[in-house]
Amino acid sequence: MDFEDLRTFVDVADAGGVSAAARRLGVSKSIVSRRLFRLEAELGVQLLARTTRGAALTEAGVTFREHAARVRAEIDAALETILPAGELRGRLRIAAPLSLGPTHLAPIFADMALRHPLLHVQASYSDRFVDIIGEGFDCAIRIGYLNDSNLIARRVGALTGTLVASPDYIRAHRAPETPDDLLSHQALMQGTEAWQFMDGDKIISIHPQGRFKADNGTALVVAAVAGLGIAWLPDHLTKSYLDSGALVDAMPRYPVPTAGIFVVRPPGQHPTRKVRVLTELLIERFG
């Protein structure tokens with residue numbers, strides 16, 4: 001039985017179809033289909049029922065997937081143990097935020113690929129909340145304040161932010177003096193997130209409201225510069241606008257608490273060496 005066929009089957013089962021698995025693996029759909037056909041021929045059973053919406057596991061496929069996933073994890077761990085200390089190989093899939101990734105994270109990912117020529121690095125940039133287990137990522141880089149989850153997180157750096165608005169907006173609506181004043185302002189947000197502020201040693205949390213939302217921090221900066229409202233944004237997105245006067249600190253008496261940059265990974269006893277090496281590089285850069 002070919003190990004790559006086994007690995008591909010697990011990816012197809014987890015992704016819910018051949019097309020999604022091919023995107024994960026970075027190969028064509030025909031290669032994925034050929035590996036599946038070879039594995040089913042070797043076993044003499046049908047593992048997947050092909051449908052117009054993708055692929056569903058047969059009863060045999062459900063049973064075999066549990067064992068195949070464990071076998072894959074054991075072989076990956078064994079390969080990491082016997083490989084030379086500096087050599088990484090295989091595939092590393094990383095989910096990264098779009099508002100930080102291309103400028104601050106992409107050079108680190110490129111450096112990792114340069115140091116490890118046998119490693120296939122696949123980075124996906126999006127500010128949406130990625131299901132790293134369901135979508136087959138080895139890890140994700142997340143910024144801000146982490147919610148409770150079953151994922152394992154490692155803080156690799158700090159992230160500072162500011163409450164910003166355009167001078168025109170402040171002239172038209174007056175600057176908020178306290179966090180509670182924000183409830184009467186237009187908030188520019190990604191969703192329904194809470195905003196946090198420091199009052200001495202105490203953290204104040206509020207849930208602002210607004211009519212303009214975007215799933216990307218850069219888009220919120222543009223909206224703030226246009227005068228649509230007040231935005232709570234990381235400093236790396238707003239620094240140049242604050243320096244030029246296009247944005248101002250909307251409520252300096254109540255600073256934003258320092259957030260974090262985190263590497264999160266699926267639960268397990270130990271991170272893979274690929275994730276450990278990436279984490280160390282990120283700590284070198286941001287720590």
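None of these values were measured; they are calculated from a predicted model. (Residues numbered from 1 in each chain as written. Predicted model: local features only at pLDDT ≥ 70, side-chain atom pairs only at ≥ 80, totals over all residues. Heavy atoms only, no water.)

How do you make sense of the overall build of the protein when you look at a structure like this?
Along the protein, the regular secondary structure elements total nine helices and 14 strands. In terms of overall dimensions, the protein has a C-alpha envelope of 75 × 45 × 30 Å along the principal axes. By element, 53% of the accessible surface of the protein is carried by carbon and sulfur atoms, the whole surface being about 15,200 Å². (Helix = DSSP H or I, 4+ residues; strand = E, 2+ residues; numbered from the N terminus. Areas by Shrake-Rupley, 256 points an atom, 1.4 Å probe, with all protein chains shown as cover.)

How do you make sense of the packing of helix α7 (residues 217-225) against helix α8 (residues 235-244) when you look at a structure like this?
What describes two packed helices is the angle between their axes and the distance between those same axes. Across the interface, α7 lies against α8 with an axial gap of 10 Å and an inter-helix angle of 25°. What the angle tells us is that α7 and α8 run roughly parallel. In terms of crossing hand, the pair formed by α7 and α8 is right-handed. In this structure, α7 contributes G217, T218, V221 and V225 to the contact, and α8 contributes L237, T238 and Y241. (Axes fitted to C-alpha atoms, helices over the stretch in contact; angles between N-to-C directions. Parallel < 35°, antiparallel > 145°, perpendicular 65-115°, else oblique. Left-handed = near helix turned anticlockwise from the far one by under 90°. Contact = heavy atoms within 4.5 Å.)

Which parts of the structure should I look at to understand the nonpolar core?
Inside soluble globular proteins, nonpolar side chains tend to come together where they are buried. Formed by 23 residues in total, the largest nonpolar core has its most connected members in L105, M112, I141, L278 and L282. Of all the elements in the fold, those that place two or more residues in this core are β3 (90-96), α5 (101-115), β5 (139-144), β6 (152-159), β14 (259-265) and α9 (273-286). Per-element tally for this core: the top contributor is α9, with six residues. Residue contacts for L105: discarding those within four places in its chain leaves A96, P97, L100, I141, L282 and F286. (Core = buried A, V, L, I, M, F, W, Y, C linked by side-chain atoms within 4.5 Å. Buried < 20%, exposed > 50% of the residue type's maximum accessible area, 1.4 Å probe, protein only.)

Please explain the packing of α5 against α9 as it appears in this structure.
Relative orientation of the contacting elements α5 and α9 amounts to 130°, with a least axis distance of 10 Å. When the axes of α5 and α9 are compared, the pair comes out oblique. Crossing geometry of α5 relative to α9 is assigned as right-handed. On the side of α5, the interface is formed by H104, L105, I108, F109, D111, M112 and R115, while α9 contributes K274, V277, L278, L281, L282, E284, R285 and F286.

Where do I start with the packing of aromatic side chains in this structure?
Given two aromatic rings, one states the distance between the centres and the angle between the planes to describe the pair. Applying the stated criterion across every chain, the model contains two aromatic pairs. Centre to centre, the rings of F9 and F64 are 5.6 Å apart; their planes meet at 45°, and the pair counts as tilted. Of this pair, F9 sits in helix α1 (residues 3-15) while F64 sits in helix α4 (residues 59-82), and the two are 55 residues apart along the sequence. Residue F9 is classed as buried on the basis of its relative accessible area, which comes to 0%. The ring of F137 carries the charged tip of R93 above its face, separated from the ring centre by 4.1 Å. The ring centre of F129 lies 4.0 Å from the NZ or CZ of R142, which sits over that ring. (Phe/Tyr/Trp six-rings, centres within 6.5 Å; stacked < 30°, edge-to-face > 60°. Lys NZ or Arg CZ within 6 Å of the ring centre and 35° of its normal.)

So what exactly am I meant to see when it comes to the layout of surface pockets here?
Where empty space is left can be seen by rolling a probe of water-molecule size over the atoms. Counted as a void, the second largest pocket has a volume near 1,200 Å³. Together, 44 residues line the second largest pocket, and I143, G144, Y145, Q190 and E193 are the ones closest to its centre. Mapped onto the lining of the second largest pocket, the elements with two or more residues apiece are β3, β5, β6, β8 (187-189), β9 (195-199), α7, β12 (230-234) and β14. Here the lining of the second largest pocket takes five residues from β5, the largest share from any one element. Grouping the amino acids of the lining of the second largest pocket by side-chain chemistry returns 26 nonpolar, 12 polar and six charged. (1 Å grid on protein atoms, 1.4 Å probe; cavity = no way out; pocket = protein on both sides within 12 Å on 5 of 7 lines; lining within 4 Å. Points joined across faces, edges and corners; volume = space filled by probe spheres on them. Nonpolar A, V, L, I, M, F, W, Y, C, P; charged D, E, K, R; others polar.)

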